[in-house]
Amino acid sequence: MSDLTPLSSDQERLWLRRYLFPEWGNESPAVVWLGPMAPAAVRAACSALVRRHPALRTVYPRTDGVPAQRVLPATRFAVSLIDLSGLAEPRRRAALGRVVAAEAQRPFDLDNGPVLRVELVRLSEREHVLVSGVHHIAVDPWSIMLLGEDLMALAGTASTGQPDRLAPVSTTYLDYVAWLQRRRTGPAAEADQRFWARRLAGVTAVELPLDRPRPARLTTEVLVHAVDLPAEVSDLLRETARAAGVTTFVALLACFTALVRRWSGAEEFVVMTVPSGRVRTEFGAVVGLFTGDVAVCCDASGDPTVGELLTRVRDAVLDTFDHPEPAFNEMAAGLDPERTLTPHPLRQLGLVLHNRRPPEVDLARVDLPNPAISRGNATADIWLDVFDSGAGPMRMRLEMAEELFEVRAGRLTAERLITLTGSAMADTKQRISALPFIGPGEAELIAEWGRACGTRTQPVRSLLDRGAELAPRSAALRCGDRVVTHAQLRQRVRAVAARLVDRGVGPGTVVSVDGDDQVAVLVAALAALCAGGGVAVGEAAGAPRGARLRFARHSRRAHHIAVRHRSGGITHTALALVAQSASRALFSGGPRRLTLAPGDGLDVVAVLATLAAGGTYEPDGRPEPGMVWLADHHTPSADIAAARDAGAAVWVRFRAAGLPGWTAAAPVPATDERGTLPLGRPLGVAELRVVDDRGGPVPIGVAGDLLFAGSAGSSRPGWRTGDRVLFDSDGMLWPAPDSRFPAVGGRWVDLDAVERALLTHPEVAGAAAAVRRCRTRAGVAVTHLLCWVRPADSAALSERATREIAALVAATTAVPHTIVEAADLSSVHADALPVPELGDRRSGGLPAPRTRTETAVAQLYQEILGAVEVGRADSFFVLGGTSMQVCRLAARLTDRFGVDLPLHDLFLRPRVAQVAAAVDAELAAAGGQRSGSDLRTASTTVATAMSDRQRG
């Protein structure tokens, strides 16, 4: 139709997101506090506003599934009146909060409109509140400020009956769309495309330290943290920018770049930003969506100084803004032709500086149900909006994807940026590696997690006495059919301890304990400790088979040793302290029976912790409900999974290299989301720190060296244990990823487990797994799990075997992976194995459609994309399909089959076979009124070869 105009590329993106995520698209509701205001005056002002700006009366109908825009005639605008004046103050404030929250979450009907909604809330005769919502497809942040200014002016004249004095706006958003279409052709456009092709060819996703593993598909829910950049830091930022000859935005982006570099370790990455888009003066007063995301390729490699980084960022920003976003949007669409990148390098980081302060909104006067969570506006993993009025503090609004980060992450990240910015702007000669960036709140939190608890130590014998007092008749030891109660155990230990003292056992004497009688070994070990001596257990004992006890006088250096085993020694003081802390952790309200994972030897800490709680230690116990099953990081994952499935409370303990006893312990999570075991929460028996190479603390989620800063009974504070660990946002210690335990998208991969799974398939004779940096066909670098397999015979793997092998890997780890066939793996290190380009077609031709539904879907691909050969494994996007064309595909599927497939399903499963399976499932669910066998057979004739663009 002649009154329909195509959408701009940015409008297409937002329209599509609206249907992929129905909750997305609402700008945060504007809340304007007014004095006494007649509803008629408000309606008149809003009607004049909509008449002045056609974008507010535009609708977006679809033709063949593809949207366009149509401007409707100006009519009287409807304003809803909500009267809360009859409610008492606390209830009135809560009711207003519900009105605002409801507006924030109410979806828009883009096909029929309106894209602007306004509600006038009467609180009293002298106080009204205007609550308005507008869809982002019609406005950008600059437009919001224009609308706020115009509305206040129009409301002022309407309330006094005076005529509108605003200067008319002669240009419309449709004029801008026409200009964009002209800008897409000609030599300038070709130069822009070449620029973005070079810039985006090597973009790399950043491995951010996440609080939660990255899901396959993010929702749009974000955590929002609003805070001021302190006035002194804001002024320093402006002054340093002027002195360096750069803009405030460049200085802010340089600080953000340094933060990401220090936080993630990435040296080169993309930060998205949103220029004003109003590149021509006649668009300055026009309301519409002018702002499209563009990429600034930031380079922090080589540890530059702050001054050097400012220069690099300035050059990158100038290059970016010299090449308009239409060309960028086209090139960005080709980065991920299969729509499978996780994370996407252009959907991770964003920063926008707003030079005009938005209208003041006193949200403190509104009871919002959950002000920390804002639904429907997530555009990146981390997005920072900064508002600068030119003086005083800058206002910051930080959005972080709720599925990736904990609530406290926003506050901690803002503190880091404030700390780093203040230091960087104070001295631009500093290297970015030397910039402090942990805020005071995070520093105190980390220190608290690693702080020694200062528990008053007790003699080892008092731990046995406590158990006997708590449960004298309850079982203390159960070995097979033999049961020893707490009272009996205390009596036997005291008797043996007395005999040991008579034989000279005491401080400076270490008793070696060994034997087949587990009860006798436990009694002897406890007796030696109660006598004041030390105990050597396991391989450290060195006693001949069958021996029960050996004791010898040792040097003065061994004077205070309580237990010696292959992992080191522990003093009496430290043993009692660790056992008390472990007892509190293990048995605070849970089951009081404990056994060790198979293969573990005698653990004196576990025994004393159980006895001190009045519990039962069962060396031969089986995992079952009511049992604590204690493992460590050498326990096979299959055993841990089996114990968890059996209903046992599975715990893991961590013994840091060279530290006495246990360092940390924690229950194993019910779901293994991270792909590895936690080390545990520090037991508070030692002062611990996680530090970088300079000895400074590292942020939450960032790996560093475990530093032992002292504990009871130790004379060696201030040394590194050699363990690489990190704290998560809950104070849990986790092992840092290493060469056999790397991370992909926030999930850690056990490469050994993957290789074991691959070797279980009968057609696999050899296997290797590694996480490598791979490139897609579009040149995007991604972190990916590669699994090389050597077929059992010389023939290539069958398609069925490939599917089965991929299923084995998927059952082992939930990360993107690719199966690669290799002729020989016996003498080749994984680093030397070939790395494929992701998205390559299988050689040997394309598998043809197998069913009539697949054939009909393939024909739709041909109709929409042109006459090409289409196989059942072909992806709509790899064949050259665009996001708007997939909307046409959805409409054609509805016309052809009578099914309504959600757009997000077509994005997640875009191959012919996948779409056909979804169609068949919908038809079956609807009762099979139409089946694939009833469909007209589609032609598969090849008319022309695919173009380079269609091939991706």
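Residues numbered from 1 in each chain as written. Predicted model: local features only at pLDDT ≥ 70, side-chain atom pairs only at ≥ 80, totals over all residues. Heavy atoms only, no water.

Quick notes on the overall build of the chain
Assigned secondary structure in the chain consists of 24 helices and 37 strands. Taking all 952 residues of the chain together, the buried fraction comes to 53%. Residue pairs in contact within the chain that sit at least 24 positions apart in sequence constitute 71% of those at least 6 positions apart. Accessible area of the chain: about 40,900 Å², with a carbon and sulfur share of 52%. (Helix = DSSP H or I, 4+ residues; strand = E, 2+ residues; numbered from the N terminus. Buried < 20%, exposed > 50% of the residue type's maximum accessible area, 1.4 Å probe, protein only. Contact = heavy atoms within 4.5 Å. Areas by Shrake-Rupley, 256 points an atom, 1.4 Å probe, with all protein chains shown as cover.)

Overview of helix α2 (residues 39–52)
Its 14 residues place the ends of α2 20 Å apart at the C-alpha level, agreeing with the 20 Å of an ideal helix rising 1.5 Å per residue. Along α2, the residues that are buried comprise Ala 41, Val 42, Ala 45, Cys 46, Ser 47, Ala 48, Leu 49, Val 50 and Arg 52. (Expected span 1.5 Å × (residues − 1).)

Let's talk about the packing of aromatic side chains
For the coordinates displayed, the defined rule picks out 11 aromatic pairs. Here the aromatic residues Tyr 173, Tyr 176, Trp 179, Phe 283 and Phe 290 are joined through ring pairs into a cluster of three or more. Residue placement shows Arg 117 over the ring face of Phe 108; its charged tip is 3.8 Å from the ring centre. Sitting above the plane of the Phe 387 ring, Arg 395 keeps its charged end 5.8 Å from the centroid. (Phe/Tyr/Trp six-rings, centres within 6.5 Å; stacked < 30°, edge-to-face > 60°. Lys NZ or Arg CZ within 6 Å of the ring centre and 35° of its normal.)

Examining the packing of helix α11 (residues 409–426) against helix α12 (residues 440–450)
Packed helices, taken two at a time, are described by the angle their axes make and the gap between the axes. Where α11 contacts α12, the two axes come as close as 8 Å, and the packing angle between them is 120°. As summarised for this structure, α11 and α12 are arranged oblique, according to the angle between their axes. Contacts between α11 and α12 pair Arg 411, Leu 412, Glu 415, Arg 416 and Thr 419 from the former with Pro 440, Gly 441 and Glu 442 from the latter. Each residue belonging to the contact of α11 with α12 can be placed in one class, and the counts come to two nonpolar, two polar and four charged. (Axes fitted to C-alpha atoms, helices over the stretch in contact; angles between N-to-C directions. Parallel < 35°, antiparallel > 145°, perpendicular 65-115°, else oblique. Nonpolar A, V, L, I, M, F, W, Y, C, P; charged D, E, K, R; others polar.)

Here we look at the environment of Val 668
With respect to the helices, strands and loops of the structure, Val 668 is situated in the loop between β27 (664–667) and β28 (681–682). For the pair Val 668 and Arg 644, spaced 24 residues apart in sequence, the C-alpha to C-alpha distance is 8.6 Å. Sequence-distant contacts of Val 668, that is, excluding residues within four places in its chain, are made with Ile 640, Arg 644, Val 650, Trp 651, Val 652 and Leu 677.

Some thoughts on the pattern of salt bridges
Pairing between side chains becomes possible if they bear opposite charge and their charged atoms approach one another. In this structure the tally under the stated criterion is 38 salt bridges. A salt bridge links Arg 888 to Asp 64; its shortest N-O distance comes to 3.0 Å. Here the residue Arg 888 occupies a position in helix α22 (residues 883–897), and Asp 64 occupies one in the loop between β3 (62–63) and β4 (66–67), the gap between them amounting to 824 residues. Taking relative accessible area as the criterion, Arg 888 reaches 24% and is therefore assigned partly exposed. Taking the shortest distance from any N to any O, the salt bridge between Glu 89 and Arg 92 comes out at 2.7 Å. (Salt bridge = Lys/Arg side-chain N within 4 Å of Asp/Glu carboxyl O.)

Some thoughts on the confidence of the model for the chain
Looking at the chain as a whole, the pLDDT averages 79, with 80% of positions reaching at least 70. Long-range and interchain partners of residues 564–568, a stretch whose pLDDT sits below 50, account for 13 contacts in this model, where long-range means more than four residues apart. Counted against residues more than four places away or in other chains, residues 928–952, with its pLDDT under 50, gives 47 contacts. (pLDDT = per-residue confidence, 0-100.)

Comments concerning helix α17 (residues 604–612)
Residue pairs three or four apart in sequence face the same way in an α-helix, which turns once every 3.6 residues. With nine of its nine residues buried, α17 lies for the most part within the structure. Among the residues of α17, those classed as buried are Val 604, Val 605, Ala 606, Val 607, Leu 608, Ala 609, Thr 610, Leu 611 and Ala 612. The backbone nitrogen of Val 605 has a side-chain oxygen 3.1 Å away, supplied by the residue at the start of α17, namely Asp 603. One or two steps after α17, the chain reaches Gly 614, where phi turns positive at roughly 75°. (Polar contact = N/O pair within 3.5 Å; in protein donor to acceptor, adjacent residues only side chain to side chain.)

A look at the packing of helix α13 (residues 460–470) against helix α14 (residues 486–502)
Between α13 and α14, the shortest axis-to-axis distance is 8 Å and the interhelical angle comes to 150°. In this view, α13 runs roughly antiparallel relative to α14, as classed from their interaxial angle. In the crossing of α13 with α14, the sense of the turn from one axis to the other is left-handed. Where α13 abuts α14, its residues Leu 464, Asp 465, Gly 467 and Ala 468 lie against His 486, Arg 490, Val 493 and Arg 494. The residue makeup of the contact of α13 with α14, split by class, is three nonpolar, two polar and three charged. (Left-handed = near helix turned anticlockwise from the far one by under 90°.)

Details of unusual backbone geometry
Here the bond from Gly 113 into Pro 114 is cis, since omega is 0°, no more than 30 degrees from zero. With respect to the helices, strands and loops of the structure, Pro 114 is situated in the loop between α3 (89–105) and β7 (116–124). In this structure, Asp 303 takes a positive phi of about 55° despite not being glycine. Mapped onto the elements of the fold, Asp 303 is located in the loop between β11 (294–299) and α9 (306–321). The partly exposed category is assigned to Asp 303, whose relative accessible area is 24%.

Looking at the pairing of strand β8 (residues 127–134)
Counting buried residues in β8 gives seven out of eight residues, a clear majority hidden from the surface. Here β7 folds back onto β8, and the loop between the two strands holds two residues. (Pairing = 2+ DSSP bridges.)

A look at the nonpolar core
Of all hydrophobic cores here, the largest spans 128 residues; its most connected members are Leu 253 and Trp 662. Of the residues forming this core, the biggest block, 12 residues, is contributed by helix α8 (residues 248–264). (Core = buried A, V, L, I, M, F, W, Y, C linked by side-chain atoms within 4.5 Å.)

Points about the pairing of β27
Of the strand pairs in this sheet, strand β26 (residues 649–654) and β27 are connected by four bridges, and their pairing is antiparallel. Bridge pairing links Phe 654 to Ala 664 in β27. The pairing of β27 with β28 spans two bridges and is classified as antiparallel. When the bridges of β28 are listed, Ala 665 appears paired with Arg 681.

Regarding the side chain of His 784
You can see His 784 is positioned in strand β36 (residues 781–791). Residue classification places His 784 among the buried residues on the basis of a relative accessible area of 9%.

Structural notes on the environment of Ala 757
Within the element layout of this structure, Ala 757 appears in helix α19 (residues 751–759). As for Ala 757 and Ala 810, which are separated by 53 residues in sequence, their C-alpha atoms are 9.9 Å apart. Not counting the four nearest positions on each side in its chain, Ala 757 is found in contact with Leu 808 and Thr 812.

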